[in-house]
Amino acid sequence: EVYLSEGFATYFALLYAEHYQGRDAFVAGLKSARTRALATEKSLPGIAIVHDNLSDMSKVLNQLVYQKAGWVLHMLRGVVGTDTFWQGIREYYRRHRDSNVTTDDLRTVMEQVSHKDLRWFFDQWLKRPTSPSLDGSWSYDAAAKQIRITIAQTQDGEPVDVISRLALSLHIDLIIVGHRRSKKFALRWWRGSVDSMLIERVRCAILIAGEAPRPAS
């Protein structure tokens, strides 16, 4: 579980950059880390951040335990909230400073300070070898005055089944009867590889652009 050292170092380096160089530097660092983590998932199929079946120990240190693990901490911050995240970090270090730690130690502290069951989060992002990959489409039913938006998970393996625990945001720009309108939709109902939602009472619509879901910052 080397990510407990290297992932923390990666994320805290980004936080340092944000403090001294500004928000843009932090966001740029996150984007770079995401690109490298996703590329590593493709080059090391079947390898998760936390694993117990790695035969080649030279592969222990890879971009997953650095960049992806840094992103896991950022997403954890989004799930529990910034203030609670820092409360948990301070308590985690208070309890375990200068000692060996495990993922369960970190999870236990974060569950206690947030009053949430976080086992699903740690299992999904640390023990699954691939991240969700999403593809979207839409259609308009003029008779029903409805737009149907469909999002499909396209990554290899089983679909992520987080039901209402992982909130995904979809930003959509529409032209409705000649007027452009931007709207944000929260998707909280993942139960399989494909899900859809309806936008009601739309007389005419043209989809201009969609922005892929991303973790809260």
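Residues numbered from 1 in each chain as written. Predicted model: local features only at pLDDT ≥ 70, side-chain atom pairs only at ≥ 80, totals over all residues. Heavy atoms only, no water.

**Description of the environment of Gln63**
- Positionally, Gln63 belongs in helix H3 (residues 63-80).
- Since its relative accessible area comes to 25%, Gln63 is described here as partly exposed.
- Between the C-alpha atom of Gln63 and that of Gly7, which follows or precedes it by 56 residues, the distance is 9.4 Å.
- When neighbours within four sequence positions are excluded, Gln63 is seen to be in contact with Arg36, Thr40 and Lys68. (Helix = DSSP H or I, 4+ residues; strand = E, 2+ residues; numbered from the N terminus. Buried < 20%, exposed > 50% of the residue type's maximum accessible area, 1.4 Å probe, protein only. Contact = heavy atoms within 4.5 Å.)

**Structural notes on the pairing of strand E2 (residues 146-153)**
- In this sheet, E2 lies alongside strand E1 (residues 134-141) in antiparallel orientation, the contact comprising eight bridges. Directly across from Asp141, in E2, lies its bridge partner Gln146.
- Linkage of E1 to E2, two consecutive antiparallel strands, is achieved through a turn of four residues, within which Lys145 is found at a positive phi near 55°. (Pairing = 2+ DSSP bridges.)

**Comments concerning the side chain of Thr10**
- Here Thr10 lies in helix H1 (residues 3-21).
- Assessed through its relative accessible area of 15%, Thr10 is described here as buried.
- Not counting residues up to four positions away in its chain, the partners in contact with Thr10 are Tyr66 and Gln67.

That is the geometry; function is a separate question.
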